[in-house]
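Here are the chains, one letter per residue:
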Amino acid sequence: MKILLDAFSPSWVERCALLVLIALLLGALAAPLISPQNPYDLAQLSLSDGRLPPGSAASAGQGVQRYWLGSDDQGRDMLSAILYGLRISLLVGLSSTLLALAFGLSLGLMAGYFGGRLDSLIMRLADIQLSFPAILIALILLAVLGQGVGKIVTALFAVQWAYYARTTRSAALVERRKDYIEAARLLGLSTPRILFRHLLPNCLPPLIVVAALQVAAAISLEATLSFLGIGLPITEPSLGLLIANGFQYLLAGNYWISFFPGIALVLLIVAINLVADRLRDIINPRLQKQ
Amino acid sequence: MLPPDSSRRPALLELRQISKRFSRPLDLAARLAQKLGAAISAQTVHAVDRVSLTIGRGEIVGLVGESGCGKSTLGRLALGSYPASSGQRYWRGEGGTTAIDDLPATQRRAVQLKMQMVFQDPYASLNPRLRVGQAISEAPLVHGLITAQQRDAWLAQLLHKVGLDPSLGERYPHQFSGGQRARIGIARALAVAPEFIVCDEAVSALDVSIQAQVINLFMQLRDDLDLTYLFISHDLGVIRHVSDRVAVMYLGRIVESASTDEIFAHPHHPYTQALIAELPVIGGHRRDYQAIRGEIPSPLHPPSGCHFHPRCPYAMAQCQTLARELREIAPQHWSSCILDGGGE
Amino acid sequence: MSMVQPLLEVNKLQTQFPTSSGIAKAVDDVSFSLAAGEILGLVGESGCGKTVTGFSILGLVDPPGRVVGGQVLFKGEDLLTMDTERLRAIRGNRLAMIFQDPMMTLNPVLRIDTQLIETLQAHQDISRAAAYDRALEALGEVGIAEPAQRLRAYPHQFSGGMRQRVAIAIALINRPDLIIADEPTTALDVTIQGQILALVQALCRERQMSLIWISHDLSVVAGLADRVAVMYAGKIVESGTVRATLDHPAHPYTRGLLGAIPALHERGSRLLPIPGTTPSLLNLPAGCAFADRCAQVHGACALPPPDFAVGHDGPSHRVRCWLNHANSPNRIADAAP
């Protein structure tokens, strides 16, 4: 932790971003332990506490004493809902990114290393994918697949892999011409070994940055889809769905239902982006102190 | 034509009439234009043009030439790092002489492992994310030449042999100086117990004082391990110092080859003469430079006949059309110049 | 040497680069002078400060690097304290530089004629037509065939050797009194290097032009220069006429450099390399920076070495070393062969 903070020491903005990100991650992880109520358990909700402003006291003594961030139309504690929503948003964002990373990276490595027809095939596929707006593809896929966490992860995976394939390929094209790859071939090392032990680690720095940025993009795309009502079911509200939920009450003056989930989403995405930028500098071994 | 075998030693590696052509395929528009009768053809570079070279066991053959002459490509053809466009490589091992590229895959891999390379850029030739100890011991572990238990002792011994402190194995390449990286590159090549090493400008990037250290190391290792080198360099001084035999390349062809003493005492080809005239002599002091004229032609459009004729002070009419093969003009001394041994 | 004022006199020049881990003394107490028509070879290995010396003379050191001390007297005027207007007027006119990479001089998007004419018109009141004629002449002088056609070309249409010729033509077009050339032939092939050396040598003779030739290659300097200065870790450790310095090298480093050149040795014999590596400029010792690589190191070397004239060639052959110095605290016999 100390080392991590030191690595972020040159800029206080990035340091704050790191701390915010860690806090959000911990909050999401520990949501069942620290949140005043389980927002998914309808038995714990009280409809009579609907749309209470921040700081209101709860009517009946069922777990929640006070709605620090207010409550939504169904009497859900917003703080609890945000913590659980963060959990889902992060789960969806991270898992879809990891899947897309593994897939796109493998394709990109092969395209860059082998070149020729395989390269053309993979890259044309990526071109086709990238030529459609991500949200359009996700909309179509979700329309076909239906709702659910697994389905939205699939949709996000489908719109993301091409970024990794492209980034990996361009890095691999540069690296494979370097002498150490030729040396590895002359030393009789197997192709998978050259690909994953020699080529891959040297293609990673740009990828890690892209991946970190893509987590943020995936989360915001998921929020958009949920906002549009085709992402996750209302029983498992993510941040996007929470925002959508409060949207209709915004003009009635009940700002908190949309506002606090929105703040959480913005904090999360900005923090990830800032940390990703710093990560790019740290990850370069040539900049490390000896 | 006989391959120019000027060594008395038994051959280890033999290149016969080996060529490498690089061509850029035409794109769709150009192909269309060609169909319609436009005078467009794919651009082809004859990087190496029917070169024969025999390297004897234990011999150091120096390959010298200017940029774009194809010397690096020839080194990579010898290693099989580039597939040859035509021609054959022969390897003389325990089982007699064999054409390497006709061997079954497992045998070919075994022969290939006997041939390694030391690169020019000591940094680009090392994987920046592997500790140097890992980089050196990876291949012998994979090939079962050493076991994991032997690894540390083996590595310490090898690092010591190339003049590095064995404790440095845990470091990354960027933590070393240029001279140390050159030694690491040599250790990695030696790790699989090769018999033949191509040194591609292996000392050119180093400062003079460091260069001398590494040259000494190469010579020492040759004696200790009975190695054979193809030593590629643009630096005639280095070539003269290390080589037993020298081959001079110009635009994809070997124009002259002979033993080192012979070629420096009696250079025959006008190009060799021009190169040797540029050889530094410290004793001479302020001297008059008498430069050879003209630029090095583009390998895309080499001159007809003898490639050197536009720059040659002795060029005759025939030189523009006649590209003569190497012929033996004195014992073990081969030249392709028309003036040597009478042109007809 | 002579009674006349030297063209260039560098006195105790000091250039430093602050870094995160300390101050790098790239040039430290460098002094030399250059007469009109003289060629000085400035020799050393990478990182010895030879290039920074050239840049410091011309006022081209990039921040955070800074010339922190000394004088650079060009025809008696100090270039270091001169106002920028005056310096700009002298630079490119009376003083010119040739770089290792000719593209440092050439602008890739302008035609050669534009660049030559602009260089002329920046320093002389000359009509475009007259400038064009001079440009044509300048290209001819550096040995470019068909100059009228080549003038209309862009830099990328030239080969490396040709580009360096064009860069030289630009440096020469205002007929400067002094040229500083930084490794101008290092990237070139030997036959092309020979052409450039022949050209530069002829131009210096014809025009009484002075030249500082910065190079790592002692053998090129030996053939070209009148005098040589050997740099190590920011200091000139030995200087003198080429004959005196290379025939009777007095500093162990100069001897080491000569011993490391393969061409000067019997074929296949063991070269005599200098052990160790070049020191970092950050933490140089108070004494001799070469001490830890020197075969003749002794107690006195922990003190700053004296700069004194050695016998062979009168006062012009100087060395910065305790060996053979009369006042060496513990003088030892010169064990050199």
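Cut-off values and rules
Residues numbered from 1 in each chain as written. Chains lettered and ligands numbered in written order. Predicted model: local features only at pLDDT ≥ 70, side-chain atom pairs only at ≥ 80, totals over all residues. Helix = DSSP H or I, 4+ residues; strand = E, 2+ residues; numbered from the N terminus. Rg over C-alpha atoms; globule rule 2.2 N^0.38 Å. Contact = placed C-beta atoms within 7 Å. Buried ≥ 20, exposed ≤ 12 C-beta atoms within 10 Å, placed from the backbone. Nonpolar A, V, L, I, M, F, W, Y, C, P; charged D, E, K, R; others polar. Pairing = 2+ DSSP bridges. Axes fitted to C-alpha atoms, helices over the stretch in contact; angles between N-to-C directions. Core = buried A, V, L, I, M, F, W, Y, C linked by C-beta atoms within 7 Å. pLDDT = per-residue confidence, 0-100. Expected span 1.5 Å × (residues − 1). Parallel < 35°, antiparallel > 145°, perpendicular 65-115°, else oblique.

Student: How would you summarise the overall build of chain C if you had to cite specific residues and measurements?
Tutor: From N to C terminus, chain C includes 10 helices and 13 strands. For chain C, whose C-alpha radius of gyration is 21 Å, the value lies close to the compact-globule estimate of 20 Å for 337 residues. Along the three orthogonal principal directions, the C-alpha set of chain C runs to about 70 × 50 × 45 Å. The contacts of chain C with a sequence gap of at least 6 include a subset with a gap of at least 24, amounting to 64%.

Student: So, the environment of Leu168(B): which residues are in play, and what are the values?
Tutor: Inspection of the secondary structure puts Leu168(B) in the loop between helix 5 (151-161) and helix 6 (178-190). For the pair formed by Leu168(B) and Val132(B), sequence separation is 36 residues and the distance between their alpha carbons is 7.9 Å.

Student: Tell me about helix 8 (residues 179-186) of chain A, and name the residues and values.
Tutor: The periodicity of an α-helix, 3.6 residues per turn, causes residues three or four positions apart to be oriented the same way. Along helix 8 of chain A, 6 of the 8 residues are buried, which leaves the element largely enclosed by surrounding structure. Within the sequence span of helix 8 of chain A, burial applies to Asp179(A), Tyr180(A), Ile181(A), Ala183(A), Ala184(A) and Leu186(A). Buried positions along helix 8 of chain A lie against helix 7 (149-176) and helix 9 (191-227) of chain A together with helix 2 (71-79), strand 6 (115-118) and helix 6 of chain B. Just downstream of helix 8 of chain A, Gly188(A) is the residue with a positive phi angle, here 75°.

Student: I'd like a rundown of the interface of chain C and chain B, residues and numbers included.
Tutor: Of the residues lining the interface, 41 residues belong to chain C; the matching set on chain B comes to 37 residues. Elements with a minimum of two residues in the side of chain C that touches chain B: helix 6 (160-172), helix 7 (190-207), helix 8 (218-224), helix 9 (242-247) and helix 10 (252-259) of chain C. Considering every element that reaches the side of chain C that touches chain B, the biggest residue donor is helix 7 of chain C, with 7 residues. Partitioned by chemical class, the residues of the side of chain C that touches chain B number 20 nonpolar, 15 polar and 6 charged.

Student: Break down the sheet that holds strand 12 (residues 333-335) of chain B for me, citing the residues and quoting the values.
Tutor: In sheet architecture, strand pairing relies on hydrogen bonds along the backbone and comes in two forms, parallel and antiparallel. Residues and elements named next belong to chain B. Taken in spatial order, the 8 strands line up as 6-7-8-3-9-10-12-11 in an open sheet, and their pairing is mixed. This sheet does not close on itself; its edge strands, each paired only once, are strand 6 and strand 11 (327-330). Between one strand axis and the next, the sheet turns by 25° as a mean value, whatever way the strands run. By the bridge criterion, 3 bridges tie strand 11 to strand 12 in an arrangement that is antiparallel. By the bridge assignment, Glu328 is partnered in strand 12 with Trp334. Strands strand 6 and strand 7 (196-200) of the sheet are contacted by helix 6, whose axis makes an angle of about 175° with strand 6.

Student: Please provide a residue-by-residue account of the pairing of strand 3 (residues 39-43) of chain C, values included.
Tutor: Residues and elements named next belong to chain C. Of all 5 residues making up strand 3, 5 are buried, and the element is well covered by its neighbours. Where burial is concerned, the two faces of strand 3 agree: the one with Ile39, Gly41 and Val43 and the one with Leu40 and Leu42 are both buried. By the bridge criterion, 5 bridges tie strand 3 to strand 8 (residues 210-215) in an arrangement that is parallel. In the sheet register, Val43 faces strand 8, and the bridge partner there is Ser215. In this structure, strand 3 lies alongside strand 9 (residues 227-232), joined through 4 bridges in parallel fashion. Within strand 9, the position partnered with Gly41 by the bridge is Val228.

Student: Now, about the sheet that holds strand 5 (residues 77-78) of chain C: what can you tell me, with residues and values included?
Tutor: Residues and elements named next belong to chain C. Judged by pairing direction, the sheet is antiparallel, and its 4 strands sit side by side in the order 2-1-4-5 without closing on themselves. For this open sheet the edge positions go to strand 2 (22-34) and strand 5, each flanked by a neighbour on one side alone. Bridge analysis of strand 4 (residues 66-74) against strand 5 gives 2 bridges, and the strand direction is antiparallel. Paired with Leu73 across the bridge in strand 5 is Asp78.

Student: Account for the nonpolar core, naming residues and giving values.
Tutor: By size, the foremost hydrophobic cluster in this structure holds 264 residues, and its most contacted members are Leu156(A), Phe231(B), Val248(B), Ala169(C) and Trp213(C). Those residues in contact with Val248(B), other than ones at most four positions away along the chain, are Val64(B), Gly65(B), Ile254(B), Val255(B), Glu256(B), Ser257(B), His269(B), Tyr271(B), Thr272(B) and Leu275(B).

Student: I'd like to hear about the interface of chain B and chain A, residue by residue, with values.
Tutor: Counting residues at the interface gives 23 residues for chain B and 15 residues for chain A. If you list the elements that add at least two residues to the side of chain B that touches chain A, you get helix 3 (105-113), strand 6 and helix 4 (132-142) of chain B. Of the residues forming the side of chain B that touches chain A, the biggest block, 3 residues, is contributed by helix 3 of chain B. Taken together, the residues of the side of chain B that touches chain A sort by class into 11 nonpolar, 8 polar and 4 charged.

Student: Pulling in residues and values, what's your account of the confidence of the model for chain C?
Tutor: Of all residues in chain C, 94% attain a pLDDT of 70 or more, and the chain-wide mean is 84. In this model, residues 332-337 of chain C is a region of pLDDT below 50 whose contacts with residues beyond four sequence positions or in other chains number 5 contacts.

Student: Give me the lowdown on helix 3 (residues 112-123) of chain C, citing residues and values where you can.
Tutor: Residue and element names in this part refer to chain C. Here helix 3 contains 12 residues, and its C-alpha end-to-end distance of 18 Å stays within 8% of the 16 Å for a straight helix at 1.5 Å per residue. Listed in full, the buried residues belonging to helix 3 are Ile112, Gln115, Leu116, Ile117, Thr119 and Leu120. On its buried face, helix 3 is in contact with helix 4 (128-141), helix 5 (147-150) and helix 6.

Student: Could you give an account of the packing of helix 2 (residues 12-29) of chain A against helix 4 (residues 78-114) of chain A, naming the residues involved and the relevant values?
Tutor: Residues and elements named next belong to chain A. Their axes nearest at 8 Å, the elements helix 2 and helix 4 cross at an angle of 100°. Relative to helix 4, the element helix 2 lies roughly perpendicular. On helix 4, the residues that touch Leu24, Gly27 and Ala28 of helix 2 are Leu83, Leu86, Arg87 and Leu90. Each residue belonging to the contact of helix 2 with helix 4 can be placed in one class, and the counts come to 5 nonpolar, 1 polar and 1 charged.

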